[in-house]
Amino acid sequence: MSGSLFFSAVFALLSHPAHSAGPGTSAATFLTLGFGARPLALGESFVAVADDVSAMHYNPAGLGFEPGLASRQSPRRYEMLASHAMHIQDIRLSQFGFLSRPWGFSVTHLALDGIERRTAETAAPEGHFGASDLLLGVSYGKRLTDLGLGLGASGKYIKQSIGERSASAYALDLGALYRLRAAPVSLGASLVNLGTQIRFVDQGYPLPLTFRLGAAYGMTAKFPHALTAQLDMPRDNTPSVRLGLEYLGFGPFALRAGYRTTSASQRSAALGKALGSSAPGLAEFYGMFMGAGFRSKFGSMDYTLLPYGELGNAHRFSFTVRFGGAAAAADKLVGVIP
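Rules used throughout
Residues numbered from 1 in each chain as written. Predicted model: local features only at pLDDT ≥ 70, side-chain atom pairs only at ≥ 80, totals over all residues. Heavy atoms only, no water. Helix = DSSP H or I, 4+ residues; strand = E, 2+ residues; numbered from the N terminus. Buried < 20%, exposed > 50% of the residue type's maximum accessible area, 1.4 Å probe, protein only. 1 Å grid on protein atoms, 1.4 Å probe; cavity = no way out; pocket = protein on both sides within 12 Å on 5 of 7 lines; lining within 4 Å. Points joined across faces, edges and corners; volume = space filled by probe spheres on them. Nonpolar A, V, L, I, M, F, W, Y, C, P; charged D, E, K, R; others polar. Polar contact = N/O pair within 3.5 Å; in protein donor to acceptor, adjacent residues only side chain to side chain. Contact = heavy atoms within 4.5 Å. Salt bridge = Lys/Arg side-chain N within 4 Å of Asp/Glu carboxyl O. Lys, Arg positive; Asp, Glu negative; His and termini not counted. Pairing = 2+ DSSP bridges. Phe/Tyr/Trp six-rings, centres within 6.5 Å; stacked < 30°, edge-to-face > 60°. Patch = residues over 30% accessible without salt bridge, like charges linked within 9 Å, V, L, I, M, F, W, Y side chains within 5 Å. Areas by Shrake-Rupley, 256 points an atom, 1.4 Å probe, with all protein chains shown as cover.

Draft legend 1. Representation of the overall build of the protein chain in the model. Counting its secondary structure elements, the protein chain contains four helices and 16 strands. Counting across all 338 residues of the protein chain, residues that qualify as buried make up 46%.

Have a look at this one:
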């Protein structure tokens, strides 16, 4: 993949009218629920970090670099992640990722049961049905020789099922990642969900196309913590800013926090203020993300809490295992450009 292809795709997105589509105009919105617990705890401000399995979802260019200091170990040949979410409204979201740099493979499955079936003739339910979403992805990243620049791409197969009907689509993610030599700074950009429409019956719906641009400070031996900032420009919503912090100063434990800006109307609706009610407890932290992790030389365990206003709270758990022979010396960890 050439750099001109990536930036041509970015230009095509940015030249699209910003308000040509609004919320609810995209299909396969499960693609916007994130991947793994660690990036979510950073408010999904991860496009410039991209140093673990989750890079396949946020910026596949990260697969061209060695894993980062968050693993507390020398790089390993293989990395495997399993993640599960206790989501709102009894939604079940499970994810799996396998990484053998510079290649990666990922699976996301979402399921929801017990949806009432109704018709215009009667107000009483006539039974129940379920819905499910599936994503299969293959990713590749490459770091350009003698440069701190990496490029990457992910090919994705997407399937949605609602009751007895199903539809599918294909998509491509493109990513670029640059790690500065003179400072512990990384810059990242990605264009995700560029693909065909989901077609149910005779109606087509576009995928949630999004352009991400971000920066990260840290992730080196001198400053292993991470400060991140990111701008998201989705096709079907207003732009948002994401901020993240990862602190690794408690031995094997990691503390993380993130924040995502939302429009006043979106926040009002999420907190129930539009209906004259007020969501209690943690719901007031809508737009914020909080998480923690435990790291060892074999892998890590991560947890993230996501307040969703009146809808309740979601909990995301991830387990990452790293194994195989060392792939590179420790001084070639991500962020340390030889």
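Draft legend 2. Local environment of empty space enclosed by the protein. According to the stated counting rule, one finds five cavities of 30 Å³ or more in the structure shown. In terms of lining, the second largest cavity is formed by Phe35, Met56, His57, Ser106, Thr108, Leu135, Gly137, Val138, Ser139, Ser154, Lys156 and Asp173. No other element matches strand β4 (residues 128-143), which puts four residues into the lining of the second largest cavity. For the lining of the second largest cavity, the class distribution of residues is four nonpolar, six polar and two charged.

Draft legend 3. Representation of unusual backbone geometry. A cis geometry characterises the amide bond from arginine 101 onward to proline 102, with omega recorded as 15 degrees. Mapped onto the elements, proline 102 comes out in the loop between β2 (92-100) and β3 (103-116). Notably, alanine 28 is not glycine yet its phi reads approximately 55 degrees, a positive angle. For alanine 28, the position within the fold is in the loop between α1 (3-14) and α2 (37-41). For alanine 28, a relative accessible area of 2% translates into the label buried.

Draft legend 4. Inspection of the side chain of serine 186 at higher detail. Relative to the helices and strands, serine 186 resides in strand β7 (residues 185-195). Within the local environment of serine 186, its side chain forms a polar contact with the side chain of arginine 179, the two groups lying 2.5 Å apart. Filtering out sequence-adjacent residues up to four positions away, serine 186 remains in contact with Ala48, Tyr178, Arg179, Gly214, Ala215, Ala216 and Met219.

Draft legend 5. Main features of the pattern of salt bridges. Enumeration over the complete set of coordinates arrives at 10 salt bridges. The shortest N-O distance in the salt bridge between arginine 38 and glutamate 246 comes to 2.9 Å. Of this pair, arginine 38 sits in helix α2 while glutamate 246 is found in strand β12 (residues 240-250), placing the two residues 208 residues apart along the sequence. You'll find arginine 38 and glutamate 246 in the same group, each marked buried.

Draft legend 6. Here's a closer look at the side chain of arginine 316. Mapping arginine 316 onto the fold places it in strand β16 (residues 313-326). As a buried residue without a salt bridge, arginine 316 has its nearest oppositely charged side chain in glutamate 44, at a separation of 7.2 Å.

Draft legend 7. Seen up close, the pairing of strand β14 (residues 288-295). Only one face of β14 is buried, namely the one carrying Phe289, Gly291, Gly293 and Arg295, since none of Met288, Met290, Ala292 and Phe294 on the opposite face is buried. Judged from the seven bridges that link them, strand β13 (residues 253-260) and β14 form a sheet pairing that is antiparallel. Looking across to β14, one finds that leucine 255 is bridged to alanine 292.

Draft legend 8. Just the packing of aromatic side chains, in detail. Inspection of every chain in the model, using the stated rule, returns nine aromatic pairs. Ring centres of tryptophan 103 and tyrosine 140 lie 4.6 Å apart, and the angle between their planes is 50 degrees; this geometry places the pair in the tilted category. You can see tryptophan 103 sitting in strand β3 and its partner tyrosine 140 sitting in strand β4, a full 37 residues away along the chain. What makes tyrosine 140 partly exposed here is its relative accessible area of 31%.

Draft legend 9. A look at a nonpolar patch on the surface. Together, Met86, Tyr247, Phe250, Phe253, Leu255, Phe294, Met301, Phe317 and Phe319 make up a nonpolar patch on the protein surface, roughly 860 Å² of accessible area in all. Broken down by secondary-structure element, the contributors of at least two residues to the nonpolar patch are β12, β13 and β16.

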